Amino acid sequence: MQLDSYLELFTTLYGWAFANLLGEILTGTGLAALPFALIVFSAWHSAKEEGAGINGVLALIESVQTKLITALLVMALCFATTPFTSLHNINLSYKPEQTADGSEPQVVSTQGGTNSGYDRAMADAVNGSFARSGNLSYVPLWWYSVMGLSSGINGAFRAGMTSSERDLRVVADLARMATIEDPALLHDVQRFYSECFVPARSQYFSMDKNQISASGRGILAEGSIYGPTDVDWVGSQLFRTEPGFYDVMRSYNPVPGWSIDFNRDSEYMQGGASDQGFMNPDWGRPTCKQWWEADAATGGVRERLTSNTSTWRSLLQVAQNSITFNSTDEAKDAMAKLAFEKANPTFVSPDKMLGDDYGKGTNAWRTVTGGISTIGVGKQAFESSLGMAPLLNMLPMLQALVLMALYMFLPLIVVISCYDLKMMVVGGLAIFTVKFWAVMWFVARWLDAHLIDAMYPGLTGSALMQEITQSVSSGQPQLYKRMLLNTLLAVMFIALPLIWSSMMAWVGYRVGFENSSINKADNLSDKAGKGSSIRLKR
């Protein structure tokens, strides 16, 4: 039997364990038999009030017989338990949603474990050690069938949806939570911005645009995947590929981690020292292209931006699985562009970063970036608190707890209703209604993905990531879209189950209190008794 959350695996066992305890109390005290006495007394009392007298004995017997048989049937289906319908005879399982890295999720179960904290915290639900009684996993046949049918309908509905949606909301949420807190990385981003990007951009604005190559003009053309705004960020494709920019520009000062290359660092001396006592520095001066594109171990800025923490690595993986990129290089550029916005560097003249001034500038900048990072973390924490993740995680847990309460109180309701046939149908509708909430949330997620498609048309890497990048830097149109999407998803997650539950409540009311077929069948014996009494009087 496949359930809909980790918690439901255990609350199902707890709910029926509590129900079995209450059932044992009702049986042990004799309260479970009281409804039969009430049925006989009620029938006798009705006959006496109607003045049937001796002539209505046959009708009274027929009425009592019908009601007792109905009560026995309800009791057998909804109250009595057998080992054949034990939850320990089946494997309660749950298949999580597709993981962020795109791999197929592993099905977890009560028998095989969930590999989560629930296994240890709720182990007594599986082995039944939390109660002194015996096996508490027995479920009456009717409720067992309703649970199985509801779970089967939920699974069939999800399996019937052939479109596999890209979880673009996860990309956006991870992008908002990701921060850069490594002072060394923040310092290198600042240096690259000041020593490579600002000079390259200044050269671009001052040069004759006719000197740009055909490939360079293609990069900047309207409608290309880069466009005219390509020159507005440090990883510009034009600056990386156009001769005369990053390929020949070099860091103003030595960069720690980069070995000296005498073919490149021509100002250094092969011998290491001159007659005037000049000594080569410890590190070389890479070209801006090398500095940006090298791997993280060598000191490449882009690779370090996109892999400095597990959050950034997960974000890159999720983005590649969810967004259409033309290449891995474009995906890394998109993530680096986002990380660059997080770093938020400002221009510091490299001329001031020499000798003692260099050390003072570095210390001052680390102080500033530390403050910016702290403010950024606080801002992201605040935005995360307003995100949808708490709601999306809370509602399935609420569903599991509501189901546990339903299971727990069913024995009491069955007995208090005097084993009423209408109660059996209404109780089944209640379980089916609550379990079907999971389908409503599946529909809400599916529709949310389509709304994101509609608000971010194209969904190419540069299109969506540009929206996300501007959103985290407080771009008003993007924040408006984000607010609208969050509001719609919240409404769908709450309103759809409410609408569904309201409709099913109306159905339950019609079944229980209106002129339904069950209500007519339940009163058939009374009508027959009245008819027999009239005939006998005549």
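Bear in mind the structure is a predicted one, so any value in this text is a computation, not a measurement.

Q: Would you mind showing me how to read the nonpolar core here?
A: Soluble globular proteins tend to pack their nonpolar side chains together in the buried interior. The biggest cluster of nonpolar side chains holds 56 residues, and the ones touching the most others in it are Trp16, Trp143, Tyr419 and Phe493. Of all elements in the fold, only helix 1 (6-28), helix 2 (34-49), helix 3 (57-78), helix 6 (141-159), helix 16 (389-416), helix 17 (421-435), helix 18 (437-455) and helix 20 (476-513) reach the threshold of two or more residues within this core. Ranked by the residues each element gives to this core, the list is headed by helix 16, at 10 residues. Ignoring any residue separated from it by four or fewer positions in sequence, one finds Phe493 in contact with Leu391, Leu392, Leu395, Trp441, Ala444 and Arg445. With 43 residues, the next largest nonpolar core counts Ile219, Val255, Trp258 and Ala343 among its residues.

Q: Got a minute to help me understand the pattern of salt bridges in this structure?
A: Any two side chains of opposite charge can pair, on the condition that their charged atoms come close. Within the structure shown, the criterion is met by 10 salt bridges. Of the charged contacts in the structure, one is a salt bridge between Glu293 and Arg240, with a shortest N-O distance of 3.0 Å. Pair noted here: Glu293 is in helix 11 (residues 288-293) and Arg240 is in helix 10 (residues 237-241), with a separation of 53 residues, a long-range link. A relative accessible area of 29% means that Glu293 is categorised as partly exposed. Lys422 serves as the salt-bridge partner of Asp420, at 3.3 Å between the closest nitrogen and oxygen.

Q: Where do I start with the packing of aromatic side chains in this structure?
A: Centre-to-centre distance and the angle between the planes together describe a pair of aromatic rings. By the definition in use, this model includes 21 aromatic pairs. Centre to centre, the rings of Phe239 and Phe245 are 5.2 Å apart; their planes meet at 20°, and the pair counts as stacked. Across the pair, Phe245 and Phe239 agree in class, each one buried. Counting every residue linked through ring pairs, the aromatic cluster contains Phe192, Tyr193, Phe197, Tyr204, Phe205, Trp233, Phe239, Phe245, Tyr246, Trp291 and Trp292. Cation over ring: Lys209 sits above Tyr204, and NZ or CZ is 4.8 Å from the ring centre.

Q: Is there a simple way to think about the sheet that holds strand 1 (residues 2-3) in this case?
A: One key point about sheets: their strands pair by backbone hydrogen bonds, in either a parallel or an antiparallel sense. The 3 strands lie next to each other as 1-2-3, forming an open sheet whose pairing is mixed. Two strands in the sheet have a free side with no partner beyond their single neighbour: strand 1 and strand 3 (108-109). Where strand 2 (residues 93-94) and strand 3 come together, 2 bridges link them in antiparallel fashion. From the neighbouring strand, Tyr94 faces strand 3, where its bridge partner is Val108.

Q: Just to check I follow, could you spell out the state of the cysteines for this structure?
A: Disulfide: a covalent bond connecting the sulfur atoms of a pair of cysteines. Enumeration over the complete set of coordinates arrives at 1 disulfide. Shown here is the disulfide that connects Cys196 with Cys288, its sulfur atoms set 2.1 Å apart. Here the disulfide of Cys196 and Cys288 is left-handed, its torsion about the S-S bond being about -85°. Linking Cys196 in helix 8 (residues 183-206) with Cys288 in helix 11, this pair joins segments that are 92 residues apart in sequence. Cys196 gets classed as buried once you look at its relative accessible area, which sits at 0%.

Q: Hey, could you run me through unusual backbone geometry in this one?
A: Non-glycine residue Cys418 carries a positive phi angle of around 60°. Its location among the elements puts Cys418 in the loop between helix 16 and helix 17. Taking the relative accessible area as the measure of exposure, Cys418 reaches 25% and is therefore partly exposed. Phi at Tyr419 is positive, roughly 55°, even though this residue is not glycine. Summarising the element assignment, Tyr419 is placed in the loop between helix 16 and helix 17. The exposure class of Tyr419 is buried, given its relative accessible area of 2%.

Criteria and thresholds
Residues numbered from 1 in each chain as written. Predicted model: local features only at pLDDT ≥ 70, side-chain atom pairs only at ≥ 80, totals over all residues. Heavy atoms only, no water. Core = buried A, V, L, I, M, F, W, Y, C linked by side-chain atoms within 4.5 Å. Buried < 20%, exposed > 50% of the residue type's maximum accessible area, 1.4 Å probe, protein only. Helix = DSSP H or I, 4+ residues; strand = E, 2+ residues; numbered from the N terminus. Contact = heavy atoms within 4.5 Å. Salt bridge = Lys/Arg side-chain N within 4 Å of Asp/Glu carboxyl O. Phe/Tyr/Trp six-rings, centres within 6.5 Å; stacked < 30°, edge-to-face > 60°. Lys NZ or Arg CZ within 6 Å of the ring centre and 35° of its normal. Pairing = 2+ DSSP bridges. Disulfide = S-S within 2.5 Å.

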